[in-house]
Amino acid sequence: MSTDPVTRDYPPPVPATTAHRLIGTLNILFASVMLLCGLCSGASLLMQVAMAPMTEGYQKQMQETIQAQIEKEHQKKIDELKDQENAAATAEEKARLVAEREALEQKTPAEVPIADMMAAYRDPKLIGYLIADMTTGLFGNVFMLASGIGLLASKAWARRLGVWVAVFKIIRLVAVYGFAIVFVIPVFSQKMGEMLGQMTEQMQQKAAPPAGGAPIPNMAQTMATFYGIAMSSGAVLMILFGAIYPAIVLWVLTRPRVKSACGEVPVGFGAELQ
(Lines give C-alpha, C1' and ligand atoms only; values in the text may rest on other atoms or scores of the structure.)
Protein backbone atom coordinates (compact mmCIF):
# COMPACT_ATOMS: atom_id res chain seq x y z
CA MET A 1 0.00 0.00 0.00
CA SER A 2 1.40 3.34 -1.06
CA THR A 3 2.22 5.76 1.68
CA ASP A 4 2.55 8.74 -0.63
CA PRO A 5 0.36 11.61 0.49
CA VAL A 6 -2.67 12.35 -1.62
CA THR A 7 -1.93 15.24 -3.95
CA ARG A 8 -4.54 17.55 -5.36
CA ASP A 9 -4.34 20.09 -8.14
CA TYR A 10 -5.63 23.42 -6.84
CA PRO A 11 -6.18 26.40 -9.13
CA PRO A 12 -3.34 28.90 -8.95
CA PRO A 13 -3.89 31.79 -6.54
CA VAL A 14 -5.54 34.84 -8.00
CA PRO A 15 -3.10 37.77 -7.88
CA ALA A 16 -4.05 40.61 -5.59
CA THR A 17 -5.47 43.75 -7.15
CA THR A 18 -6.14 47.31 -6.04
CA ALA A 19 -8.46 48.18 -8.91
CA HIS A 20 -11.42 48.37 -6.56
CA ARG A 21 -9.65 51.01 -4.47
CA LEU A 22 -9.03 53.12 -7.56
CA ILE A 23 -12.73 52.86 -8.41
CA GLY A 24 -13.54 53.71 -4.79
CA THR A 25 -11.39 56.84 -4.92
CA LEU A 26 -12.96 57.95 -8.21
CA ASN A 27 -16.46 57.24 -6.87
CA ILE A 28 -15.81 59.44 -3.85
CA LEU A 29 -14.36 62.22 -6.01
CA PHE A 30 -17.08 62.18 -8.67
CA ALA A 31 -19.93 61.70 -6.21
CA SER A 32 -18.75 64.57 -4.01
CA VAL A 33 -18.52 66.98 -6.94
CA MET A 34 -21.89 65.91 -8.39
CA LEU A 35 -23.59 66.09 -4.99
CA LEU A 36 -22.32 69.62 -4.49
CA CYS A 37 -23.45 70.65 -7.99
CA GLY A 38 -26.78 68.88 -7.50
CA LEU A 39 -27.47 70.62 -4.20
CA CYS A 40 -26.64 74.02 -5.73
CA SER A 41 -28.86 73.28 -8.74
CA GLY A 42 -31.67 72.12 -6.46
CA ALA A 43 -31.46 75.29 -4.36
CA SER A 44 -31.47 77.38 -7.56
CA LEU A 45 -34.50 75.48 -8.89
CA LEU A 46 -36.45 75.99 -5.66
CA MET A 47 -35.64 79.71 -5.69
CA GLN A 48 -36.69 80.12 -9.33
CA VAL A 49 -39.91 78.16 -8.83
CA ALA A 50 -40.72 80.35 -5.81
CA MET A 51 -39.95 83.57 -7.71
CA ALA A 52 -41.71 82.61 -10.96
CA PRO A 53 -45.24 83.72 -9.87
CA MET A 54 -43.88 87.09 -8.72
CA THR A 55 -42.00 87.77 -11.95
CA GLU A 56 -45.14 87.30 -14.02
CA GLY A 57 -46.68 90.50 -12.64
CA TYR A 58 -43.40 92.38 -12.90
CA GLN A 59 -42.90 91.43 -16.55
CA LYS A 60 -46.46 92.48 -17.36
CA GLN A 61 -45.87 95.85 -15.73
CA MET A 62 -42.58 96.27 -17.61
CA GLN A 63 -44.32 95.39 -20.88
CA GLU A 64 -46.97 98.05 -20.24
CA THR A 65 -44.33 100.67 -19.39
CA ILE A 66 -42.35 99.99 -22.56
CA GLN A 67 -45.50 99.97 -24.67
CA ALA A 68 -46.60 103.30 -23.19
CA GLN A 69 -43.23 104.79 -24.07
CA ILE A 70 -43.53 103.53 -27.67
CA GLU A 71 -47.00 105.04 -28.01
CA LYS A 72 -45.71 108.31 -26.59
CA GLU A 73 -42.92 108.42 -29.17
CA HIS A 74 -45.46 107.58 -31.89
CA GLN A 75 -47.70 110.46 -30.87
CA LYS A 76 -44.68 112.78 -30.65
CA LYS A 77 -43.85 112.10 -34.32
CA ILE A 78 -47.46 112.86 -35.28
CA ASP A 79 -47.37 116.15 -33.38
CA GLU A 80 -44.09 117.10 -35.06
CA LEU A 81 -45.66 116.47 -38.48
CA LYS A 82 -48.61 118.69 -37.52
CA ASP A 83 -46.24 121.49 -36.59
CA GLN A 84 -44.44 121.06 -39.91
CA GLU A 85 -47.80 121.22 -41.73
CA ASN A 86 -48.63 124.55 -40.13
CA ALA A 87 -45.22 125.90 -41.05
CA ALA A 88 -45.27 124.56 -44.64
CA ALA A 89 -44.36 127.19 -47.21
CA THR A 90 -46.11 125.61 -50.19
CA ALA A 91 -49.29 123.66 -50.82
CA GLU A 92 -47.30 120.73 -52.22
CA GLU A 93 -45.16 120.46 -49.11
CA LYS A 94 -48.23 120.69 -46.86
CA ALA A 95 -50.02 117.96 -48.85
CA ARG A 96 -46.98 115.69 -48.52
CA LEU A 97 -46.82 116.24 -44.75
CA VAL A 98 -50.56 115.64 -44.39
CA ALA A 99 -50.29 112.33 -46.24
CA GLU A 100 -47.28 111.30 -44.13
CA ARG A 101 -49.09 112.23 -40.90
CA GLU A 102 -52.28 110.37 -41.86
CA ALA A 103 -50.29 107.27 -42.78
CA LEU A 104 -48.54 107.42 -39.41
CA GLU A 105 -51.86 107.87 -37.59
CA GLN A 106 -53.26 104.76 -39.27
CA LYS A 107 -50.23 102.72 -38.31
CA THR A 108 -50.57 101.00 -34.94
CA PRO A 109 -47.47 101.23 -32.73
CA ALA A 110 -45.58 97.94 -32.68
CA GLU A 111 -45.94 95.76 -29.61
CA VAL A 112 -42.63 94.83 -28.08
CA PRO A 113 -42.49 91.16 -27.08
CA ILE A 114 -40.57 90.55 -23.87
CA ALA A 115 -39.02 87.16 -23.41
CA ASP A 116 -40.58 85.52 -20.35
CA MET A 117 -37.52 83.61 -19.15
CA MET A 118 -39.36 82.37 -16.07
CA ALA A 119 -42.31 80.87 -17.95
CA ALA A 120 -40.75 77.39 -17.80
CA TYR A 121 -40.75 77.50 -14.01
CA ARG A 122 -44.53 77.99 -14.02
CA ASP A 123 -45.09 74.81 -16.06
CA PRO A 124 -45.98 71.93 -13.69
CA LYS A 125 -44.86 69.27 -16.19
CA LEU A 126 -41.41 70.78 -16.68
CA ILE A 127 -41.01 71.39 -12.95
CA GLY A 128 -41.86 67.74 -12.31
CA TYR A 129 -39.28 66.64 -14.87
CA LEU A 130 -36.55 68.82 -13.33
CA ILE A 131 -37.35 67.59 -9.82
CA ALA A 132 -37.27 63.95 -10.96
CA ASP A 133 -33.96 64.55 -12.73
CA MET A 134 -32.30 66.14 -9.69
CA THR A 135 -33.82 63.74 -7.15
CA THR A 136 -32.70 60.60 -8.96
CA GLY A 137 -29.27 62.18 -9.54
CA LEU A 138 -28.82 62.93 -5.83
CA PHE A 139 -30.09 59.46 -4.92
CA GLY A 140 -27.54 57.76 -7.18
CA ASN A 141 -24.65 59.96 -6.06
CA VAL A 142 -25.30 59.33 -2.35
CA PHE A 143 -25.02 55.57 -2.88
CA MET A 144 -22.05 56.09 -5.19
CA LEU A 145 -20.28 57.92 -2.37
CA ALA A 146 -21.14 55.15 0.09
CA SER A 147 -19.84 52.54 -2.34
CA GLY A 148 -16.59 54.46 -2.80
CA ILE A 149 -15.97 54.62 0.94
CA GLY A 150 -16.64 50.90 1.32
CA LEU A 151 -14.43 49.96 -1.64
CA LEU A 152 -11.45 51.70 -0.02
CA ALA A 153 -11.93 49.24 2.86
CA SER A 154 -12.36 46.29 0.43
CA LYS A 155 -15.89 45.54 1.61
CA ALA A 156 -17.99 43.01 -0.31
CA TRP A 157 -21.19 45.01 0.13
CA ALA A 158 -19.48 48.06 -1.37
CA ARG A 159 -18.55 46.14 -4.52
CA ARG A 160 -22.12 44.92 -4.96
CA LEU A 161 -23.47 48.38 -4.26
CA GLY A 162 -21.05 49.86 -6.80
CA VAL A 163 -22.33 47.45 -9.46
CA TRP A 164 -25.96 48.36 -8.76
CA VAL A 165 -25.17 52.09 -8.78
CA ALA A 166 -23.42 51.75 -12.16
CA VAL A 167 -26.45 49.93 -13.62
CA PHE A 168 -28.80 52.51 -12.09
CA LYS A 169 -26.84 55.42 -13.58
CA ILE A 170 -26.90 53.96 -17.09
CA ILE A 171 -30.66 53.30 -16.88
CA ARG A 172 -31.23 56.78 -15.45
CA LEU A 173 -29.29 58.46 -18.27
CA VAL A 174 -31.35 56.69 -20.92
CA ALA A 175 -34.65 57.36 -19.12
CA VAL A 176 -34.06 61.03 -18.22
CA TYR A 177 -32.54 62.22 -21.48
CA GLY A 178 -34.75 59.96 -23.58
CA PHE A 179 -37.79 61.55 -21.92
CA ALA A 180 -36.32 64.99 -22.60
CA ILE A 181 -35.81 64.21 -26.29
CA VAL A 182 -39.40 62.99 -26.73
CA PHE A 183 -41.40 65.31 -24.46
CA VAL A 184 -39.37 68.31 -23.20
CA ILE A 185 -37.14 69.48 -26.06
CA PRO A 186 -39.92 69.72 -28.72
CA VAL A 187 -41.99 72.03 -26.49
CA PHE A 188 -39.00 74.17 -25.47
CA SER A 189 -37.68 74.53 -29.03
CA GLN A 190 -41.13 75.48 -30.32
CA LYS A 191 -41.43 78.24 -27.71
CA MET A 192 -37.98 79.53 -28.64
CA GLY A 193 -39.06 79.62 -32.28
CA GLU A 194 -42.25 81.52 -31.41
CA MET A 195 -40.24 84.06 -29.42
CA LEU A 196 -37.94 84.59 -32.40
CA GLY A 197 -40.98 84.98 -34.66
CA GLN A 198 -42.32 87.76 -32.43
CA MET A 199 -38.98 89.56 -32.58
CA THR A 200 -38.96 89.28 -36.39
CA GLU A 201 -42.46 90.76 -36.62
CA GLN A 202 -41.37 93.64 -34.42
CA MET A 203 -38.39 94.36 -36.67
CA GLN A 204 -40.66 94.30 -39.74
CA GLN A 205 -43.01 96.83 -38.16
CA LYS A 206 -40.24 99.20 -37.09
CA ALA A 207 -38.24 99.15 -40.33
CA ALA A 208 -39.69 99.01 -43.83
CA PRO A 209 -37.87 96.78 -46.32
CA PRO A 210 -35.53 98.53 -48.78
CA ALA A 211 -36.92 99.58 -52.14
CA GLY A 212 -37.29 96.53 -54.35
CA GLY A 213 -36.14 94.23 -51.53
CA ALA A 214 -37.96 91.41 -49.82
CA PRO A 215 -39.24 91.74 -46.23
CA ILE A 216 -37.30 90.19 -43.37
CA PRO A 217 -38.09 86.44 -43.46
CA ASN A 218 -39.73 84.93 -40.40
CA MET A 219 -37.33 82.21 -39.29
CA ALA A 220 -39.46 81.00 -36.38
CA GLN A 221 -40.03 77.43 -37.58
CA THR A 222 -36.50 77.11 -38.95
CA MET A 223 -34.98 78.16 -35.63
CA ALA A 224 -37.38 75.90 -33.71
CA THR A 225 -36.13 72.98 -35.83
CA PHE A 226 -32.52 74.04 -35.28
CA TYR A 227 -32.96 74.27 -31.51
CA GLY A 228 -34.68 70.88 -31.46
CA ILE A 229 -31.89 69.17 -33.41
CA ALA A 230 -29.12 70.85 -31.39
CA MET A 231 -30.63 70.03 -27.99
CA SER A 232 -31.58 66.48 -28.99
CA SER A 233 -28.01 65.89 -30.20
CA GLY A 234 -26.71 67.23 -26.89
CA ALA A 235 -29.00 64.85 -24.98
CA VAL A 236 -27.75 61.87 -27.02
CA LEU A 237 -24.14 62.88 -26.34
CA MET A 238 -24.92 63.14 -22.63
CA ILE A 239 -26.20 59.56 -22.68
CA LEU A 240 -23.17 58.25 -24.58
CA PHE A 241 -20.46 60.10 -22.65
CA GLY A 242 -22.27 59.87 -19.31
CA ALA A 243 -22.43 56.07 -19.59
CA ILE A 244 -18.66 55.66 -20.09
CA TYR A 245 -17.62 55.76 -16.43
CA PRO A 246 -20.52 53.59 -15.13
CA ALA A 247 -19.70 51.03 -17.83
CA ILE A 248 -16.03 50.98 -16.72
CA VAL A 249 -17.09 50.58 -13.09
CA LEU A 250 -19.44 47.76 -14.03
CA TRP A 251 -16.67 45.93 -15.89
CA VAL A 252 -14.01 46.40 -13.18
CA LEU A 253 -16.18 45.49 -10.19
CA THR A 254 -17.39 42.24 -11.77
CA ARG A 255 -13.83 40.89 -12.31
CA PRO A 256 -12.96 37.78 -10.22
CA ARG A 257 -9.77 39.44 -8.94
CA VAL A 258 -11.82 42.34 -7.56
CA LYS A 259 -14.28 39.89 -5.99
CA SER A 260 -11.36 38.09 -4.38
CA ALA A 261 -9.89 41.34 -3.08
CA CYS A 262 -13.26 42.17 -1.51
CA GLY A 263 -13.47 38.72 0.14
CA GLU A 264 -16.26 37.28 -1.98
CA VAL A 265 -14.27 34.59 -3.84
CA PRO A 266 -11.72 32.52 -1.86
CA VAL A 267 -8.30 33.15 -3.32
CA GLY A 268 -7.11 30.13 -5.27
CA PHE A 269 -10.42 28.21 -5.02
CA GLY A 270 -12.50 28.47 -8.19
CA ALA A 271 -11.45 32.01 -9.09
CA GLU A 272 -10.23 32.30 -12.66
CA LEU A 273 -7.65 34.85 -13.59
CA GLN A 274 -9.17 37.40 -15.98
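Residues numbered from 1 in each chain as written. Predicted model: local features only at pLDDT ≥ 70, side-chain atom pairs only at ≥ 80, totals over all residues. Heavy atoms only, no water.

Participant: Would you mind showing me how to read the side chain of D133 here?
Facilitator: By the element assignment, D133 lies in helix α3 (residues 124-152). Assessed through its relative accessible area of 19%, D133 is described here as buried. Sequence-distant contacts of D133, defined by excluding residues within four places in its chain, comprise R172 and V176. (Helix = DSSP H or I, 4+ residues; strand = E, 2+ residues; numbered from the N terminus. Buried < 20%, exposed > 50% of the residue type's maximum accessible area, 1.4 Å probe, protein only. Contact = heavy atoms within 4.5 Å.)

Participant: What should I look at first to understand the environment of P109 in this one?
Facilitator: Topologically, P109 is positioned in the loop between α2 (91-106) and α3. Taking the C-alpha atoms as reference points, P109 and Q67, separated by 42 residues in sequence, lie 8.4 Å from one another. Excluding anything up to four places from it in sequence, P109 contacts Q67, I70, E71 and H74.

Participant: Sorry if this is basic, but what is going on with a nonpolar patch on the surface here?
Facilitator: Taken together, the side chains of V236, L237, L240, F241, I244 and I248 make up a nonpolar region of the molecular surface, amounting to roughly 570 Å² of accessible area. Going through the elements one at a time, α5 (220-242) and α6 (244-253) are the ones with two or more residues in the nonpolar patch. Tracing the backbone through its elements, the reader meets L240 in helix α5. Classification of L240 by relative accessible area gives exposed; the value is 54%. (Patch = residues over 30% accessible without salt bridge, like charges linked within 9 Å, V, L, I, M, F, W, Y side chains within 5 Å. Areas by Shrake-Rupley, 256 points an atom, 1.4 Å probe, with all protein chains shown as cover. Salt bridge = Lys/Arg side-chain N within 4 Å of Asp/Glu carboxyl O.)

Participant: Could you clarify how one ought to interpret α6 in this entry?
Facilitator: Owing to its 3.6 residues per turn, the α-helix brings residues three or four apart onto one side. What α6 keeps buried is the set Y245, P246, V249, V252 and L253. Angular distribution of buried residues about the axis of α6 spans 130°; they occupy a single face of the element. (Arc of directions from axis to C-beta.)

Participant: Mind showing me how you'd approach the side chain of R159 here?
Facilitator: Turning to its location among the elements, R159 is positioned in helix α4 (residues 156-206). If sequence neighbours within four positions are ignored, R159 has contacts with L151, L253, T254, V258, K259, C262 and E264.

Participant: Looking at this model, I keep getting lost on α3. Mind explaining?
Facilitator: In this model, α3 (29 residues) spans 42 Å end to end at C-alpha, consistent with the 42 Å of a helix rising 1.5 Å per residue. The set of residues buried in α3 consists of L126, I127, Y129, D133, G137, G140, N141, M144, S147, G148, G150 and L151. Where α3 terminates, the next one or two residues include S154, which has phi positive at roughly 60°. (Expected span 1.5 Å × (residues − 1).)

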